[in-house]
Amino acid sequence: MFERQVNIKSPADLKIMRAAGRINATVLARVKELLQPGVTTADLNAAAEEVLKSHGCVSPFKGYGHPPFPASITVSINDEMVHGIPHPKRKLKDGDIVSIDCGTVFEGFVADSAFSAGVGEISPEAANLLKVTEEALYAGIAQMRKGRRTGDVSVAIQNHVESHGLHVTREYTGHGVGRSMHEGPQVPNYGMAGNGTLLRAGMTIALEPMVLIGTHETRVLPDQWTVVSADGTLTAHFEHTVAVTEGDPLLLTVL
Ligand code: MG
Ligand code: MG
């Protein structure tokens, strides 16, 4: 597997990344306030861009990849797991679950974070999916300690999800993040304890459990971006950028 370089951040770098993460959290908090039936996914993107602009920031998502991603956030509804493209005709409906992913570039560093939430009244099955996915993120974060390995993080996420009868994605992974949105190491949402890259203080990693109800299989829609569950069942996604320190893990993408 192709592995990108791992870049250790200095305390000064981490200060900038924390500021980037705070702005990113502000963007996501604003979008969360707007999650109501009738709101379009393009409205959510516009609100995110307004907050980014007010901080003099841009999202690294815009123009990323091939074909270039056309928006600053991704909005993925129900069976859409990640990379949904905002659209002025796509409206949120009561009972939807929606995943919002946003990045922020601030002073040359990237923060990357995502959450999933319900719109109006959601089913107990959907609520459980959201709860387990968010818990899996925190189970992974708890392993983000100097001396552990990426496999310890991966397996903590996987075990939490699978102990609830749900499935982790295989094709999409957590990743180092810093001056670029994707650095090493890769952190899959499944793995083996004691395997993978040794965690060192100054590593900054975006952990991002993507969880599916039916099976782990996904496919990409003809728009070449939107990833959906192969069987059409619900999916969820939570993500934080986290720094490994000499002590406790440091969450960078919180307010
Ligand atoms: Mg992300
Ligand atoms: Mg990410």
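Below is a summary of the structure that appears in this document. Only a predicted model underlies this, so the values are computations on that prediction, with no experimental measurement involved.

1. Some words on the overall build of the protein chain
At step 1: Scanning the protein chain from terminus to terminus reveals 4 helices and 14 strands.
At step 2: Since a compact globule built from 255 residues should have a radius of gyration of about 18 Å, the 17 Å found for the protein chain is in line with a globular shape.
At step 3: Summarising its shape, the C-alpha atoms of the protein chain cover approximately 45 × 45 × 30 Å along the three principal directions.
At step 4: Each of the 255 residues in the protein chain was classed as buried or not, and the buried ones make up 52%.
At step 5: When contacts within the protein chain are restricted to residue pairs at least 6 apart in sequence, long-range pairs at least 24 apart make up 71% of them.
At step 6: For the protein chain, the exposed area adds up to about 10800 Å²; of that, 54% sits on carbon and sulfur atoms.
At step 7: With 22 positive and 28 negative side-chain charges, the protein chain shows a separation of 6 Å between the mean positions of the two kinds.

2. Some thoughts on the layout of surface pockets
Unoccupied space between atoms shows up once a probe the size of one water molecule is rolled over them.
At step 1: By volume, the largest pocket is sized at about 580 Å³.
At step 2: What lines the largest pocket is a set of 28 residues, and nearest its centre among them are Tyr64, His83, Tyr172, His182 and Trp225.
At step 3: When contributions to the lining of the largest pocket are tallied by element, the ones reaching two or more residues are β6 (174–176) and β7 (183–187).
At step 4: The class makeup of the residues in the lining of the largest pocket is 11 nonpolar, 9 polar and 8 charged.
At step 5: Put simply, the second largest pocket is a space of about 260 Å³.
At step 6: Lining the second largest pocket are 16 residues, and of these Leu28, Lys32, Ala114, Phe115 and His240 lie nearest its centre.
At step 7: Residue assignment for the lining of the second largest pocket shows that the elements contributing at least two residues are α1 (11–33), β4 (109–118) and α3 (124–141).
At step 8: In terms of residues, the lining of the second largest pocket owes the most to one element, α1, which gives 4 residues.

3. A word on the coordination of the magnesium ion (ligand 2)
At step 1: Taken together, the protein ligands of the magnesium ion (ligand 2) are Asp112 (OD), His175 (NE2), Glu208 (OE) and Glu239 (OE), with distances of 2.1 to 2.2 Å.
At step 2: Sequence spacing among the residues donating to the magnesium ion (ligand 2) works out to D-x62-H-x32-E-x30-E.
At step 3: A distance of 3.2 Å spans the gap from the magnesium ion (ligand 2) to the magnesium ion (ligand 1), which aspartate 112 bridges by coordinating each metal. Of this pair, histidine 175 sits in strand β6 while glutamate 239 sits in the loop between β12 (235–237) and β13 (240–243); the two residues are 64 residues apart in sequence, bridging distant segments of the chain.

4. Here we look at the sheet that holds β7
At step 1: On the basis of which strands lie adjacent, the open sheet formed by 5 strands has the order β7-β6-β8-β13-β14 and antiparallel pairing. A single partner strand is all that each edge strand has here, and the edge strands are β7 and β14 (250–251).
At step 2: As defined by bridge partners, β6 adjoins strand β8 (residues 204–207) across 2 bridges and the pair is classed as antiparallel. What sits directly across from glycine 176, in β8, is isoleucine 205.
At step 3: Sheet strands touched by helix α4 (residues 150–162): β7 and β8. Its angle to β7, the strand with the most contacts, is close to 45 degrees.

5. Structural notes on the coordination of the magnesium ion (ligand 1)
At step 1: Around the magnesium ion (ligand 1), the protein contributes the donor atoms Asp101 (OD), Asp101 (OD), Asp112 (OD) and Glu239 (OE), which lie 2.0 to 2.4 Å from the metal centre.
At step 2: In primary sequence terms, the donor set of the magnesium ion (ligand 1) follows D-x10-D-x126-E.

6. Focus: the sheet that holds strand β5 (residues 167–168)
At step 1: Taken in spatial order, the 3 strands make up an open sheet running β5-β9-β12, and their pairing is antiparallel. Bordering the open sheet on either side are β5 and β12, each of which pairs with just one other strand.
At step 2: For strand β9 (residues 210–212) and β12, the ladder comprises 3 bridges, and the chain directions are antiparallel. Across the sheet, the residue bridging to valine 211 is alanine 236, located in β12.

7. Observations regarding the pairing of β7
At step 1: With respect to burial, β7 is a largely interior element, 4 of its 5 residues being buried.
At step 2: Taken together, the 3 bridges between β6 and β7 define a ladder with antiparallel strand orientation. Across the sheet, glycine 174 pairs through a bridge with valine 187, a residue of β7.
At step 3: With antiparallel pairing between neighbouring strands as the criterion, β6 and β7 make up a hairpin whose turn holds 6 residues.

Rules of the game
- Residues numbered from 1 in each chain as written.
- Chains lettered and ligands numbered in written order.
- Predicted model: local features only at pLDDT ≥ 70, side-chain atom pairs only at ≥ 80, totals over all residues.
- Heavy atoms only, no water.
- Helix = DSSP H or I, 4+ residues; strand = E, 2+ residues; numbered from the N terminus.
- Rg over C-alpha atoms; globule rule 2.2 N^0.38 Å.
- Buried < 20%, exposed > 50% of the residue type's maximum accessible area, 1.4 Å probe, protein only.
- Contact = heavy atoms within 4.5 Å.
- Areas by Shrake-Rupley, 256 points an atom, 1.4 Å probe, with all protein chains shown as cover.
- Lys, Arg positive; Asp, Glu negative; His and termini not counted.
- Charge placed at Lys NZ, Arg CZ, Asp CG, Glu CD.
- 1 Å grid on protein atoms, 1.4 Å probe; cavity = no way out; pocket = protein on both sides within 12 Å on 5 of 7 lines; lining within 4 Å.
- Points joined across faces, edges and corners; volume = space filled by probe spheres on them.
- Nonpolar A, V, L, I, M, F, W, Y, C, P; charged D, E, K, R; others polar.
- Donors = N, O, S within 2.8 Å, 3.2 Å for Na, K, Ca; no water.
- Pairing = 2+ DSSP bridges.
- Axes fitted to C-alpha atoms, helices over the stretch in contact; angles between N-to-C directions.

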